[in-house]
Amino acid sequence: MTGPGEAPAHETYEITLPGGRKVLSPEANQGLALWQDVVGNDVYARAVDGLSAGDVVFDVGANIGFAACLFTDLVPGLRVYSFEPAEACYACLQVNAARLRADITAVRAAVGAEPGTAELTYYPKSPAQSSLYPDSDEDRRNSTVYLVNSGIGAEAADVFLADMHRGHSYPVAVTTVAAALDEYGVDELALLKIDVERAEQDVLDGVGEAGWSRVRRVVAEVHDTDGRLDSVTRHLSERGFEVEVGQERLLAGTNVHMLLAARDR
């Protein structure tokens, strides 16, 4: 296992973010774009608005730690538990969390409806789209629209995407929000952030009836396949959350939406 601040054993790339901060990534070309997506996402900023030092955030689907970085930049002193099942991303997450010198705990696990194991499909050229529920056709469609919205022509996008969604699968550990609340002694979860590529409902199902009384806010990226957005919205509304749904500009025309749910405002 990689120690805090140490370079992972497998190949990584060091990326310099605006302002000079350096992070590790398992992929060479997408890091800056992913960072801009996170810091430019006003829903994430609103999700932590009003939180305080000592509040706890579960960062589910942490990738290499960009959301945790943003959250702790905006609210110094947050306690963040970042859950990431992909081996290469987790190794970078550990290093990046140590470099931030913030209260970020990296946890190598997926978060789902039941504890156990599951098959993760990992895309080396697009780690952020790795999933327990792979759908390379959907990912390709969404990526094409994203690139075209970014100003890249459709033909150029096709070339760029040629190998992006070729992946391999391997088993990963799965925990639940309910289990993690108990394991880490969390009485109140200020924010549950979810970015898990079609496993959103599983994460919510794993909160458990007793766990919902401890959750104040949820921010989630939701893939609206087979009515999933309405299902997640209804799930949260029935538990007393006020739910807002929107879509980022670069994702207009995809089935990917942002959801913010709160019951403390």
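Placed above this text is the structure.
In this text the structure is predicted, and so the values were computed from the model without any measurement. (Residues numbered from 1 in each chain as written. Predicted model: local features only at pLDDT ≥ 70, side-chain atom pairs only at ≥ 80, totals over all residues. Heavy atoms only, no water.)

**Student:** Quick question: what am I supposed to make of the sheet that holds strand β7 (residues 116–122) here?
**Tutor:** Each strand in a sheet pairs with its neighbour through backbone hydrogen bonds, running either in the same direction (parallel) or in the opposite one (antiparallel). Here we have three strands laid out as an open sheet, ordered β6-β8-β7, and mixed in their pairing. This sheet does not close on itself; its edge strands, each paired only once, are β6 (110–111) and β7. As judged from the two bridges shared by β6 and strand β8 (residues 168–175), these two strands associate in the parallel manner. The residue bridging A110 from the neighbouring strand is V174, located in β8. (Pairing = 2+ DSSP bridges. Helix = DSSP H or I, 4+ residues; strand = E, 2+ residues; numbered from the N terminus.)

**Student:** Please clarify how the nonpolar core should be interpreted in this entry.
**Tutor:** Grouped burial of nonpolar side chains is what soluble globular proteins tend to show. In terms of nonpolar packing, the biggest core is built from 40 residues, with F71, L78, L191 and V219 touching the most fellow members. Mapped by element, the contributors of at least two residues to this core are β2 (22–25), α1 (31–39), α2 (42–48), α3 (66–74), α4 (87–100), β7, β8 and β12 (256–262). Sorting elements by how many residues they give to this core places α3 first, with six residues. Non-local contacts of L78, meaning those with residues more than four positions away in its chain, are made with V48, L51, S52, A53, G54, D55, V57, F71, T72 and D103. Of all hydrophobic cores here, the second largest spans 31 residues; its members include Y81, A109, L181 and A220. (Core = buried A, V, L, I, M, F, W, Y, C linked by side-chain atoms within 4.5 Å. Buried < 20%, exposed > 50% of the residue type's maximum accessible area, 1.4 Å probe, protein only. Contact = heavy atoms within 4.5 Å.)

**Student:** Can you help me understand the environment of D163 in this one?
**Tutor:** Inspection of the secondary structure assignment puts D163 in the loop between α6 (154–160) and β8. The partly exposed category is assigned to D163, whose relative accessible area is 31%. For the pair D163 and S126, spaced 37 residues apart in sequence, the C-alpha to C-alpha distance is 9.3 Å.

**Student:** Help me understand the pairing of strand β4 (residues 79–83) in this model?
**Tutor:** Within a regular strand, side chains alternate between the sheet's two faces. Of all the five residues making up β4, four are buried; the element is thus mostly covered by neighbouring parts of the structure. Bridge count between strand β3 (residues 56–60) and β4: five bridges; the pairing is parallel. Note that in β4 the partner of D59 across the bridge is S82. Handedness of the crossover joining β3 and β4 through α3 is recorded here as right-handed. Bridge count between β4 and strand β5 (residues 104–107): four bridges; the pairing is parallel. By the bridge assignment for β5, V80 is matched with I104. (Right-handed = clockwise from strand over helix to strand, strands pointing away.)

**Student:** Would you mind showing me how to read the side chain of E221 here?
**Tutor:** Within the secondary structure layout, E221 lies in strand β10 (residues 217–223). This buried residue, E221, is left without a salt bridge; R198 holds the nearest opposite charge, at 8.0 Å. In this structure the side chain of E221 is engaged in a polar contact, spanning 3.4 Å, whose partner is the side chain of H223. Excluding anything up to four places from it in sequence, E221 contacts I194, D195, E197, E200, V256, H257 and M258. (Lys, Arg positive; Asp, Glu negative; His and termini not counted. Salt bridge = Lys/Arg side-chain N within 4 Å of Asp/Glu carboxyl O. Polar contact = N/O pair within 3.5 Å; in protein donor to acceptor, adjacent residues only side chain to side chain.)

**Student:** Can you walk me through the sheet that holds β3 in this structure?
**Tutor:** Strand order in the open sheet made by the seven strands is β5-β4-β3-β9-β10-β12-β11, with mixed pairing throughout. The sheet is open, and its two borders are formed by β5 and β11 (242–246), each paired with just one other strand. In this sheet, neighbouring strand axes are inclined to one another by 15° on average, regardless of whether the strands run parallel or antiparallel. As judged from the five bridges shared by β11 and β12, these two strands associate in the antiparallel manner. When the bridges of β12 are listed, E242 appears paired with A262. (Axes fitted to C-alpha atoms, helices over the stretch in contact; angles between N-to-C directions.)

**Student:** Sorry, what's going on with the pattern of salt bridges here?
**Tutor:** A side chain with one charge can pair with a side chain of the opposite charge if their charged atoms come near. Across all of its chains, the model carries 14 salt bridges by this definition. Note that D55 is salt-bridged to R216, the shortest N-O span being 3.8 Å. Placement of the pair is D55 in the loop between α2 and β3 and R216 in the loop between α8 (200–205) and β10, with a sequence separation of 161 residues. Between E188 and R216 there is a salt bridge, and its shortest N-O distance comes to 3.1 Å. Within this pair, whereas E188 is found in the loop between α7 (177–183) and β9 (191–194), its partner R216 is found in the loop between α8 and β10, the two being separated by 28 residues in sequence. In this structure R216 comes out as buried when scored by relative accessible area, which is 16%. One salt-bridge network, in which partners are shared between bridges, spans D55, E188 and R216.

**Student:** Explanation requested: unusual backbone geometry in the structure shown.
**Tutor:** Among all residues save glycine, negative phi is the norm, and among peptide bonds the norm is trans. At R101, a residue that is not glycine, the phi angle is positive and equals roughly 55°. Note that R101 resides in the loop between α4 and β5. Although it is not a glycine, R198 adopts a positive phi angle of roughly 85°. Locating R198 in the fold gives a position in the loop between β9 and α8. A relative accessible area of 7% places R198 in the buried class.

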